[in-house]
Amino acid sequence: MENQDDHRSVRVLCPKLLLHKNQPGLQWLIGSPFFPPLTILSTVKCIHFDHHSSSPDYNQESDDLRTLLLKGFDIVGALIVKNSDIETNAAEAIDSARKLRKLLYGVGALDKKEVLGVVADSDTGEIHFLTSNSENSMGIERVDSVVYEDYPEKYFWERGCLLSCELPIQLPLYYPVHNSSDVKKVFQRATEGVIAKLKDPKIAYIVETTAQISGEIPQPVILRGGQLDFSTDISNFREGAQDSDAKLITCSQFCLNNKSDSSVYSTENADKIQVSILVNSSENTPTVAAPLAQYVPVCVSAIEETRLLVVEFKLEVLSYAAKDLPLVSAVSKLIVPGLIDQFNSMKNTILPDLLAKHPQLHSYHFNPPGLLHPVNVIYELNYGETEMKQVEVRKALHLRLGLPLDRPLLRAANALNFFTSHGLKSDSIKKGSTLLKDVHIGIPSSGVSGGTLSLVQGSYEYYHYMHDGFNDSGWGCAYRSLQTIISWFRLQHYTSTEVPSHREIQQSLVDIGDKDPNFVGSREWIGAIELSFVLDKLLGVGCKIINVRSGAELPEKCRELALHFENQGTPIMIGGGVLAYTLLGVDYNEVSGDCAFLILDPHYTGNDERKKIISGGWCGWKKAVDSKGKNFFLHDKFYNLLLPQRPNMV
């Protein structure tokens, strides 16, 4: 953590555009106790308001943000977008931030933090930074300087790391059959017992690295519950840190020291530390038992008929810590409070319908584009991702984080894959694939002078003849193009449907009545129309089809194709004639009419070697007529172009 003698200087780590979205409203400024007080890491929008006074609904806002923000982040101020008096608006923003902080962190947080009030002029876009140390928002001062960090990821991740903790809990409840109303009281007492257990001196917290590195790996550290301090403010973690050897061990002991490649500064490549919780079930023995959180009721009479109800929780907590933070502070001020907050949030959701089919709650962590740090959300798995209630939950999250409402950025498939049933993954955060992706990146230019490039948006996988040992040479090119298209929808998380095999593609056409049953297992060709049927059935994706009578007419469609790549961004299948291709982009000069097509050829039969594929022309720019006068698209054949449409969804 850095010293900051001049408290009238603000450092901004989020892009300027995130501070001013050209719309009236209120945004909360996110900082961290591990950074100087006036450091803005990100902004989130206030979305709950009192219908009578139009002021923020602080209770709802605090409930949402307590879940959304990882421990290690806090509210350092507020931004308001208005076009009137700057001082008045800044005072309003500071007052709002203080009210929210009071609910989130308690009354003591009000007199310990300098609070920022930022005013963005809705007419000019000019941004004014002001600050106040006073609880009643008086004595506001203008900030002397504002520093926008050139490389915020490096600044942020060099100073911090991630801690994770996974804790499954089974909570058995016994309640009287003839007085089931008591079950909520029993549940409440049981959850209080679990929270108390997390602070029990008999609890053991095992801290260990997750990195697979050459050389000496740091040994795990075991912290006992009696060593933890749950009363000290995290911002003062250096004070009194000499009490014991345990307090001298910091998070940096489990972090990599040499990171020469600047590309490693991201959530995916952050230093990660795993915290596991074990409970000593016998006070007189040092032996550590398996993870256990259990409540044994004592209030129900033995002669009264009772019923057993088991409520399951799966807590998955992620937090951000300074690398020089002592481990005891990391566990007591980040991990344990994070577990308690997540446990209480799930408990409050389950409580109203405890005896009914209670919700299946799961914690997910996301790092959507434009956000420097991860956030946490809790989804109800009973709904299903396309059910309207779940869609509305994601829309609210998109609105709060300033994300577009036509891209599925916060679906479960987008979640950071930190947790598994056996603990933290150390090799990768996101689930990966061995298939070759994005083959077109880095290929030579098209040769069109003065043209405008319009390319596929996002990632895809390259499917081609003979892939995965299946011999479809001579008949499967359209199937392979379809597989590449479906991989695009998977990688952009519009669907979790697996890429279908040839047989599954054929079966789907039989299922809708387009083909006879004997089509399954055959080597019959399919075209653009069949591909549109399959995309509709398997993914619910609509398609636009362009028909041309001759390959000579394809250059005339370049403007339309360019608009598709700019607006939709999906790969296009070109079928008809005798061959099928996947189109990844066009380079088009509107003045001269010169154009080139970026073709991904599914007829390739070799190994997945990028250099070999590009040098062999299996992925590259194709002119309608090459330098030798040869036509790439046949003039005596018709072509159908399948343009899949990007779903408008979250």
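So, how was this worked out
- Residues numbered from 1 in each chain as written.
- Predicted model: local features only at pLDDT ≥ 70, side-chain atom pairs only at ≥ 80, totals over all residues.
- Heavy atoms only, no water.
- Helix = DSSP H or I, 4+ residues; strand = E, 2+ residues; numbered from the N terminus.
- Buried < 20%, exposed > 50% of the residue type's maximum accessible area, 1.4 Å probe, protein only.
- Contact = heavy atoms within 4.5 Å.
- Axes fitted to C-alpha atoms, helices over the stretch in contact; angles between N-to-C directions.
- Left-handed = near helix turned anticlockwise from the far one by under 90°.
- Nonpolar A, V, L, I, M, F, W, Y, C, P; charged D, E, K, R; others polar.
- Patch = residues over 30% accessible without salt bridge, like charges linked within 9 Å, V, L, I, M, F, W, Y side chains within 5 Å.
- Areas by Shrake-Rupley, 256 points an atom, 1.4 Å probe, with all protein chains shown as cover.
- Salt bridge = Lys/Arg side-chain N within 4 Å of Asp/Glu carboxyl O.
- Core = buried A, V, L, I, M, F, W, Y, C linked by side-chain atoms within 4.5 Å.
- Parallel < 35°, antiparallel > 145°, perpendicular 65-115°, else oblique.
- Pairing = 2+ DSSP bridges.
- pLDDT = per-residue confidence, 0-100.
- Polar contact = N/O pair within 3.5 Å; in protein donor to acceptor, adjacent residues only side chain to side chain.
- Expected span 1.5 Å × (residues − 1).

1. What about the overall build of the protein chain?
Move 1: A tally of regular secondary structure across the protein chain gives 13 helices and 25 strands.
Move 2: In the protein chain, which comprises 650 residues, the proportion classed as buried is 50%.
Move 3: Residue pairs at least 24 apart in sequence account for 70% of intrachain contacts in the protein chain once pairs closer than 6 positions are excluded.

2. A short note on the packing of helix H9 (residues 477-491) against helix H11 (residues 528-539)
Move 1: At their nearest, the axes of H9 and H11 sit 11 Å apart, and the two run at 35 degrees to each other. Considering only the axes of H9 and H11, their crossing is right-handed. Along its contact with H9, which presents Ala478, Leu482, Ile485, Ile486 and Phe489, the element H11 presents Leu531, Val534, Leu535 and Leu539.
Move 2: The class makeup of the residues in the contact of H9 with H11 is nine nonpolar, no polar and no charged.

3. Considering unusual backbone geometry
For residues other than glycine, phi is negative in most cases, and the peptide bonds are mostly trans.
Move 1: For aspartate 438, which is not glycine, the phi dihedral falls at a positive 50 degrees.
Move 2: Following the sequence through the fold, aspartate 438 ends up in the loop between strand S18 (423-424) and strand S19 (452-455).
Move 3: Positive phi is not limited to glycine here, since aspartate 468 has a value of about 50 degrees.
Move 4: Within the element layout of this structure, aspartate 468 appears in the loop between S19 and H9.

4. Overview of a nonpolar patch on the surface
Move 1: The grouping of Trp525, Val578, Leu579 and Leu634 at the surface amounts to a nonpolar patch, some 340 Å² of accessible area in total.
Move 2: Topologically, leucine 634 is positioned in the loop between strand S24 (619-622) and strand S25 (639-644).

5. A few points about the nonpolar core
Move 1: Ranked by size, the top nonpolar core spans 101 residues in total, and within it Trp28, Tyr205 and Phe313 carry the most contacts.
Move 2: Here this core gets twelve residues from one element, more than from any other, and that element is helix H7 (residues 327-350).
Move 3: In terms of nonpolar packing, the next biggest core, distinct from the first, is built from 65 residues, Ile505, Leu509, Ala562 and Trp621 among them.

6. Topic: the packing of H9 against helix H10 (residues 502-511)
Axes are the key here: two packed helices are described by the angle between their axes and the distance separating the axes.
Move 1: Two elements in contact, H9 and H10, have axes whose closest approach is 10 Å; the angle formed by their N-to-C orientations is 90 degrees. Considered as vectors, H9 and H10 are oriented roughly perpendicular to each other. In this structure, H9 contributes Tyr479, Arg480, Leu482 and Gln483 to the contact, and H10 contributes His502, Ile505 and Gln506.
Move 2: Here the contact of H9 with H10 is built from residues that sort into three nonpolar, three polar and one charged.

7. Examining the sheet that holds strand S9 (residues 145-148)
Move 1: In space, the three strands of this open sheet follow the order S3-S1-S9, with parallel pairing throughout. Each having just a single partner strand, strand S3 (39-40) and S9 make up the two edges of the open sheet.

8. Some remarks on the confidence of the model for the protein chain
Move 1: Residues with a pLDDT of 70 or more make up 85% of the protein chain, whose mean pLDDT is 85.
Move 2: Below pLDDT 50 for its whole length, residues 1-6 participates in 15 contacts with residues either more than four positions away or in separate chains.
Move 3: Segment residues 421-432 is flagged for pLDDT under 50; beyond a separation of four residues in sequence, or across chains, it makes 27 contacts in the model.

9. Focus: the side chain of asparagine 376
Move 1: Residue placement: asparagine 376 occurs in strand S16 (residues 375-380).
Move 2: Only 3.3 Å separates the side chain of asparagine 376 from the side chain of histidine 365, close enough to count as a polar contact.
Move 3: Excluding residues within four positions of it along the chain, asparagine 376 makes contact with Thr67, Leu68, Leu70, Gln342, Ser363, Tyr364 and His365.

10. Topic: the pattern of salt bridges
Move 1: Considering all chains together, one arrives at 21 salt bridges under this definition.
Move 2: Between arginine 480 and aspartate 472 there is a salt bridge, with the nearest N and O atoms lying 2.7 Å from each other.
Move 3: Since its relative accessible area comes to 0%, arginine 480 is described here as buried.
Move 4: Judged by its relative accessible area of 0%, aspartate 472 is buried.
Move 5: Overlapping salt bridges, with partners in common, bring together Glu61, Asp64 and Arg400 in one network.

11. Some thoughts on the pairing of strand S23 (residues 595-600)
Move 1: Within S23, six of the six residues are buried, which leaves it mostly tucked inside the rest of the structure.
Move 2: Residues Cys595, Phe597 and Ile599 point to one face of S23 and Ala596, Leu598 and Leu600 to the other, with burial holding for every one of them.
Move 3: Two strands pair when backbone bridges link them, and strand S22 (residues 581-588) and S23 are joined in this way by six bridges, in the antiparallel orientation. Bridge pairing in S23 links valine 586 to phenylalanine 597.
Move 4: With antiparallel pairing between neighbouring strands as the criterion, S22 and S23 make up a hairpin whose turn holds six residues, including glycine 593 at a positive phi of roughly 85 degrees.
Move 5: Sheet topology note: the S23/S24 ladder contains four bridges and is antiparallel.

12. Quick notes on helix H5 (residues 183-198)
Residues spaced three or four apart along an α-helix point in a common direction, a consequence of the helix completing one turn every 3.6 residues.
Move 1: Between its terminal C-alpha atoms H5 stretches 23 Å, which fits the 22 Å expected from 16 residues at 1.5 Å a residue.
Move 2: For H5, the elements touching its buried residues are strand S10 (160-176), strand S11 (203-209), strand S13 (272-279), strand S14 (306-322) and H7.

13. Regarding the sheet that holds S14
Sheet strands pair by backbone hydrogen bonding; their relative direction is either parallel or antiparallel.
Move 1: Here five strands make up an open sheet; going across it, the order is S12-S11-S13-S10-S14 and the pairing mixed. What marks the edges here is a single partner per strand, and that holds for strand S12 (221-224) and S14. Here the average twist between neighbouring strands, direction ignored, is 20 degrees.
Move 2: Relative to the sheet, helix H4 (residues 152-159) contacts S10 and S14, its axis offset from that of S10 by approximately 65 degrees.
Move 3: This element, H5, spans S10, S11, S13 and S14 of the sheet and lies at about 145 degrees to S10.

14. Quick look at the environment of serine 55
Move 1: The residue serine 55 is located in the loop between strand S4 (42-45) and helix H2 (58-68) in this model.
Move 2: In this structure serine 55 comes out as partly exposed when scored by relative accessible area, which is 29%.
Move 3: Along the primary structure serine 55 and leucine 26 are separated by 29 residues, whereas in three dimensions their C-alpha atoms are 9.8 Å apart.
Move 4: Excluding residues that lie within four positions of it along the chain, serine 55 makes contacts with Phe49 and Asp50.

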